[in-house]
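Chain by chain, the residues:
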Amino acid sequence: MLYTHQLPALDKDDAATALPGFLFDMNRFFQALLARFLGDHLTGYDVRAEAPLRGLLRYHREANPRRRRDPSPKPDFTVLHSGRPVALLDAKYRDLWTKPLPREMLYQLVLYAISQGVDGEAVILYPSTDENARDAKIEIRVPSPGGPGPGNVILRPVPLGRLLSAVTTGTPDPGQLAEALTFGRR
């Protein structure tokens, strides 16, 4: 249903009905789908959903008159290897191959990338039915010359046809697809 955007036929005489929209939050559904897929098939890694990035942001001790708690951004997925973060991923149900990246999504991913230190990387996973969709890379640059940039934002398509096939038939190999989605290996 996700892939075809259609309701199933209720009996043999009914044709499938096209859906103009969705009856539930597709962002949450897509995130849950990827959490399950990555958690089940990313062997050797721990996938944590919405783990806060503690210590990244904090109120100045002398300039927090309301004594608010420090903000803790939460990427959709933190992938850990031996207890250390190796990838920060965010999932958005918006085909960024055909539609522009909204600035609030970009700003969110820039923050995740720079939290990883110099050459840090954050990946946004988005659904696509276009077999030609490929990774796009946005470099985070310091306006002054010299030195490496602080990181990169990767826009990575989740090929829905391949995901469906991996889940239903095991081809392509679900583990290889999970690694490709996480690390960009194809």
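Conventions adopted
- Residues numbered from 1 in each chain as written.
- Predicted model: local features only at pLDDT ≥ 70, side-chain atom pairs only at ≥ 80, totals over all residues.
- Heavy atoms only, no water.
- Axes fitted to C-alpha atoms, helices over the stretch in contact; angles between N-to-C directions.
- Helix = DSSP H or I, 4+ residues; strand = E, 2+ residues; numbered from the N terminus.
- Parallel < 35°, antiparallel > 145°, perpendicular 65-115°, else oblique.
- Left-handed = near helix turned anticlockwise from the far one by under 90°.
- Contact = heavy atoms within 4.5 Å.
- Nonpolar A, V, L, I, M, F, W, Y, C, P; charged D, E, K, R; others polar.
- Salt bridge = Lys/Arg side-chain N within 4 Å of Asp/Glu carboxyl O.
- Buried < 20%, exposed > 50% of the residue type's maximum accessible area, 1.4 Å probe, protein only.
- Phe/Tyr/Trp six-rings, centres within 6.5 Å; stacked < 30°, edge-to-face > 60°.
- Expected span 1.5 Å × (residues − 1).
- Arc of directions from axis to C-beta.
- Polar contact = N/O pair within 3.5 Å; in protein donor to acceptor, adjacent residues only side chain to side chain.
- Core = buried A, V, L, I, M, F, W, Y, C linked by side-chain atoms within 4.5 Å.

### Quick notes on the packing of helix H1 (residues 26–41) against helix H3 (residues 160–169)
Reasoning step 1: Across the interface, H1 lies against H3 with an axial gap of 13 Å and an inter-helix angle of 45°. When the axes of H1 and H3 are compared, the pair comes out oblique. Crossing of H1 over H3 shows left-handed handedness. Along its contact with H1, which presents Phe30, Leu33 and Phe37, the element H3 presents Leu160, Leu163, Ala166 and Val167.
Reasoning step 2: Along the lines of polarity and charge, the residues of the contact of H1 with H3 split into seven nonpolar, no polar and no charged.

### Description of the pattern of salt bridges
Reasoning step 1: Following the criterion strictly, the structure yields six salt bridges and no others.
Reasoning step 2: Where Arg28 meets Glu50, a salt bridge forms, and the shortest distance between an N and an O atom there is 3.0 Å. Separated by 22 residues along the polypeptide, Arg28 in helix H1 and Glu50 in the loop between strand E3 (46–49) and strand E4 (77–81) bring together distant segments of the chain.
Reasoning step 3: Judged by relative accessible area, Glu50 falls into the partly exposed class, the value being 31%.
Reasoning step 4: Residues Asp46 and Arg48 are paired through a salt bridge, measuring 2.9 Å at the closest nitrogen-oxygen approach.
Reasoning step 5: Given a relative accessible area of 33%, Asp46 falls into the partly exposed group.

### A few points about the packing of aromatic side chains
Reasoning step 1: Tallied over the full model, the rule gives two aromatic pairs.
Reasoning step 2: Aromatic side chains Phe30 and Tyr93 sit 5.9 Å apart centroid to centroid with 65° between the ring planes, which places their arrangement in the edge-to-face category. Remark: Tyr93 occurs in the loop between strand E5 (84–91) and helix H2 (103–114) and Phe30 occurs in helix H1; sequence separation between them is 63 residues.
Reasoning step 3: Considering the side-chain rings of Tyr45 and Phe183, the 5.2 Å spacing of their centres and the 50° angle between planes classify their relative orientation as tilted. A residue pair is termed long-range when its members are at least 10 positions apart, and Tyr45 in the loop between H1 and E3 and Phe183 in helix H4 (residues 174–183) qualify at 138 residues.
Reasoning step 4: You can call Tyr45 partly exposed: its relative accessible area is 23%.
Reasoning step 5: Its relative accessible area of 23% is what places Phe183 among the partly exposed residues.

### Let's talk about H1
Reasoning step 1: With 16 residues, H1 extends 22 Å between its outermost C-alpha atoms, agreeing within 8% with the 22 Å of an ideal straight helix rising 1.5 Å per residue.
Reasoning step 2: Buried within H1 are the following residues: Met26, Phe30, Gln31, Leu34, Phe37 and Leu38. Along the axis of H1, the buried positions cluster into a sector of 135°, meaning they face one direction only.
Reasoning step 3: One side-chain oxygen of the residue at the start of H1 lies 2.9 Å from the amide nitrogen of Asn27, identifying that residue as Asp25.

### Quick notes on the nonpolar core
Reasoning step 1: The biggest cluster of nonpolar side chains holds 21 residues, and the ones touching the most others in it are Leu34, Phe37, Leu38, Phe77, Leu89, Leu125 and Val158.
Reasoning step 2: Sorting the residues of this core by element identifies H1, E4, E5, strand E6 (120–128), strand E8 (151–159), H3 and H4 as the ones contributing at least two each.
Reasoning step 3: If you tally residues by element for this core, the top one is H1, at four residues.
Reasoning step 4: Phe37 has contacts with Leu163, Ala166, Val167, Pro174, Leu177, Ala178 and Leu181, leaving out every residue within four places of it along the chain.
Reasoning step 5: In this structure, Leu53, Ala122, Ala133 and Leu155 belong to the second largest nonpolar core, which totals 14 residues.

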